[in-house]
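Structural overview
Here's the letter readout for the chains.
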Amino acid sequence: MNTTGPADKGLRLIPFRGLRYVPERIGSLSAVTSPPYDVVVRPDGLHHLESADPHNIVRLILPQAATPEDRHRQAAATLGKWLSEGILAPDPEPALYVYEQRRGELLQRGVIGALALSAPADGIVLPHEDVMPDVVADRAALMRTTAANLEPLLLTYRNGVEPGGAAAVIERTVRRHPLLATTTEDGFSHRLWSVTDRGDLAEITDDLTHHQALIADGHHRWATYLRLRDEHPAPGPWGYGLVLLIDTARYPLQVRSIHRLLHGLPVDRAVAALGGSFRIRTVDGPLPEALDALADAAASGNAFLLAGDGRFRLIDRPDGSLLARTVPADRPAAWRSLDATVLHATLLDHIWRIPDAPEHIAYIHDTEAAVSKAEHDGSTAVLMHPVREDVVRELALQGVTMPRKSTSFGPKPATGLVLRSLALG
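Keep in mind that this is a model prediction, so the values were computed, not measured. (Residues numbered from 1 in each chain as written. Predicted model: local features only at pLDDT ≥ 70, side-chain atom pairs only at ≥ 80, totals over all residues. Heavy atoms only, no water.)

1. Some details on the sheet that holds strand β21 (residues 419-421)
Quick reminder of the rule: Pairing between two strands requires that DSSP report at least two bridges joining them. Every helix listed is a DSSP run of H or I at least four residues long, and every strand listed is a run of E at least two residues long, numbered separately from the N terminus.
Spatially, the four strands line up as an open sheet ordered β3-β2-β21-β7, and their pairing is antiparallel. Both outer strands of the open sheet, β3 (88-90) and β7 (148-149), are each paired with one neighbouring strand and no more. Here strand β2 (residues 18-21) runs beside β21; their pairing, made up of two bridges, is antiparallel. Bridge pairing in β21 links G18 to R420.

2. Quick look at helix α6 (residues 165-173)
Stated precisely, the cut-off is as follows: Working definition: with a 1.4 Å probe on protein chains only, accessible area under 20% of the residue-type maximum means buried, over 50% means exposed, and in between means partly exposed. Any two residues whose heavy atoms approach within 4.5 Å are treated as being in contact.
Looking only at α6, the buried set comprises G165, A166, A167, V169, I170 and T173. Looking at the packing, one finds that the buried side of α6 touches β4 (96-103), β5 (106-116), β8 (153-157), β10 (189-195) and α7 (198-208).

3. A closer look at the pattern of salt bridges
Definition in use: One speaks of a salt bridge when a side-chain nitrogen belonging to Lys or Arg is within 4 Å of a carboxyl oxygen belonging to Asp or Glu.
A full pass over the atoms with the stated rule returns 20 salt bridges. A salt bridge links R191 to E100; the nearest nitrogen and oxygen atoms lie 3.0 Å apart. A residue pair is termed long-range when its members are at least 10 positions apart, and R191 in strand β10 and E100 in strand β4 qualify at 91 residues. We classify R191 as partly exposed; its relative accessible area is 25%. Note that D316 is salt-bridged to R279, the shortest N-O span being 2.9 Å.

4. Here's the deal with the sheet that holds strand β18 (residues 361-364)
Keep this limit in mind: Only the stretch in contact is used when a helix axis is fitted, and all axes are lines through C-alpha atoms; the angle between N-to-C directions ranges over 0 to 180 degrees.
The antiparallel open sheet is built from six strands, whose spatial order is β15-β17-β16-β19-β14-β18. This sheet does not close on itself; its edge strands, each paired only once, are β15 (279-283) and β18. Strand-to-strand twist across the sheet, computed as the mean angle between neighbouring axes with direction ignored, equals 25 degrees. In terms of strand pairing, strand β16 (residues 303-307) meets strand β19 (residues 380-383) through three bridges, oriented antiparallel. When the bridges of β19 are listed, L305 appears paired with L383.

5. Some thoughts on the packing of helix α4 (residues 68-84) against helix α5 (residues 133-146)
Helix-helix packing: each pair is described by the crossing angle between the helix axes and the interaxial distance. Selection criterion: Crossings are sorted by hand: turned counterclockwise from the far helix by less than a right angle, the near helix makes the crossing left-handed, and turned clockwise it makes it right-handed. All amino acids are sorted into three groups, where Ala, Val, Leu, Ile, Met, Phe, Trp, Tyr, Cys and Pro are nonpolar, Asp, Glu, Lys and Arg are charged, and the leftover types, Gly among them, are polar.
In the contact formed by α4 and α5, the axes pass within 8 Å of each other and the chain directions differ by 35 degrees. For the element pair α4 and α5, the recorded crossing hand is right-handed. Listed contacts from α5 to R71, H72, R73, A75, A76 and L79 of α4 are D138, A141, L142, T145 and T146. Of the residues in the contact of α4 with α5, the class split is five nonpolar, three polar and three charged.

6. Considering a negative patch on the surface
Selection criterion: A patch consists of residues whose relative accessible area exceeds 30% and which take part in no salt bridge; residues with like charges are grouped when within 9 Å of each other, and nonpolar side chains (Val, Leu, Ile, Met, Phe, Trp, Tyr) when within 5 Å. Accessibility throughout is a Shrake-Rupley quantity obtained with a 1.4 Å probe, and a residue counts as covered only by protein chains that appear here. Note on charges: Lys and Arg go in the positive column, Asp and Glu in the negative column, and His and the chain ends are not counted at all. Charge coordinates come from a single atom per side chain, which is NZ of Lys, CZ of Arg, CG of Asp or CD of Glu.
There is a patch of like negative charges on the surface, built from D284, E289, D292 and D296. Summarising the element assignment, D284 is placed in the loop between β15 and α10 (287-298).

7. What to know about the packing of aromatic side chains
Two measures describe an aromatic ring pair: the distance that separates the ring centres and the angle between the ring planes. This is how it is decided: Centres within 6.5 Å are what make two rings of Phe, Tyr or Trp a pair, Trp counting through its six-membered ring; a difference in plane orientation under 30 degrees is then read as stacked, over 60 as edge-to-face, and the rest as tilted. The criterion for a charge sitting over a ring is simple: Lys NZ or Arg CZ within 6 Å of the ring centre, and within 35 degrees of the ring normal.
Under the defined criterion, the tally for this structure stands at four aromatic pairs. On the basis of an interplanar angle of 50 degrees and a centroid distance of 6.2 Å, the ring pair of Y21 and W82 is categorised as tilted. Of this pair, Y21 sits in strand β2 while W82 sits in helix α4, and the two are 61 residues apart along the sequence. Using a relative accessible area of 3% as the deciding quantity, one classes W82 as buried. Ring geometry for W222 versus Y225: centroids 6.2 Å apart, planes at 65 degrees, classification edge-to-face. One end of the pair, W222, and the other, Y225, are both in helix α8 (residues 219-231), three residues apart, so they sit about a helical turn from each other. Of the two residues, W222 and Y225, both sit in the buried class. In this arrangement the basic side chain of R139 is found over the ring face of Y37, its NZ or CZ atom lying 4.0 Å from the centre. The ring of W335 has R331 sitting right over it, with the charged end atom 4.5 Å from the ring centre.

8. Remarks on the environment of W222
Judged by relative accessible area, which is 3%, W222 ranks as buried. For the pair W222 and T248, spaced 26 residues apart in the sequence, the C-alpha separation amounts to 20 Å. Those residues in contact with W222, other than ones at most four positions away along the chain, are L115, A116, L117, S118, V125, L153 and I215.

9. What to know about the side chain of D200
Topologically, D200 is positioned in helix α7. On the basis of relative accessibility, which here comes to 18%, the residue D200 falls in the buried class. Setting aside residues no more than four positions away along its own chain, D200 makes contact with V169, R172 and V195.

10. A look at unusual backbone geometry
For the peptide bond that leads from G285 to P286, omega is 0 degrees, which places it in the cis range. Following the sequence through the fold, P286 ends up in the loop between β15 and α10. Between G410 and the following residue, P411, the backbone shows a cis peptide bond with an omega angle of 5 degrees. Relative to the elements of secondary structure, P411 occurs in the loop between β20 (408-410) and β21. Positive phi is not limited to glycine here, since A147 has a value of about 50 degrees. On the secondary structure map, A147 appears in the loop between α5 and β7. At R317, a residue that is not glycine, the phi angle is positive and equals roughly 50 degrees. Structurally, the position occupied by R317 is in the loop between β17 (312-316) and α11 (320-326).

By themselves, these observations are geometric and do not establish any function.
In structure tokens form, the structure reads like this:
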């Protein structure tokens, strides 16, 4: 995504002294990493990560204690302890970091750095989803207490085939021996290099000043960065946030759905409440075949897959007059026709009357986990079909945000490979 304004209106990425695990002080790097905090399926995934290694990063990003204040203080104490014991240590000099993820034919490379923060109105970093205030408040309290960016956001930009710049530095850098290399249990291999050469740093930063970025993953953390920047108005480390920037013209991301788990709503009640407002069909499993049926239905309109009682119900073809009454009319047509829009405005708000609050709705990235938890709890999983990336980008360029948790871009960076301490500047 190219900017049309002056260079100083583009992305400003600066080096920082990364905090990294000291290999000699941990069992293995793969055992201390984690998916991003909002991808960890709780409680099972959390317990699995905690038991993988006593120093797993999940103890910082999802600390466990009786109250939020205790959780945040515990994370700060744990971070301080790990630094004093040499479990984590800062790199000797500021750097940008080239990061590579690979699994089979899928290859992704980008640059991790500290990005100057900007408001959405500036048109430099474009959000595409709404956020939940309670989540932003919790992340802000954690970041404020630990004085650290614990995991990078995933941002995308589009440079394409232009020579030089960040792409050239990345391709030169990956020929060197990496700082670290590991393979996580999801089958992804991860490699990280530091870039400290002044010429390479200048080539990256100069290139990025001509671009704007789309937030692919991390809307709540970006909102957190902005809140904390406003609390620390003087120039300094709080004016920057840890990000991973991917040129999707070279390394296209995958776009997946984020599913909903409706606590306390059994599938039979969910289906009964629909009446004649949607077409309802039972489709055959197993899950991959049911998702194929969802994809076929979604090709011609809004469609959802309900699960939780051992069967799959495909609901589609919503009543047009119902949509006209329930979906806000003051947004672009592309927004009004989104599955997430219809789900929240029509199904959740109007038919099922379920508040969008954590005690009523859980957001789960993994499809099998969503179905399994619904069956275990006697609740309803609403499985979604992915939104096309071009739709996301077009709405973002119009300044229109999608309903919260509408998309899941990936692969997401592993958490725990490099952190940013705000105390180090």
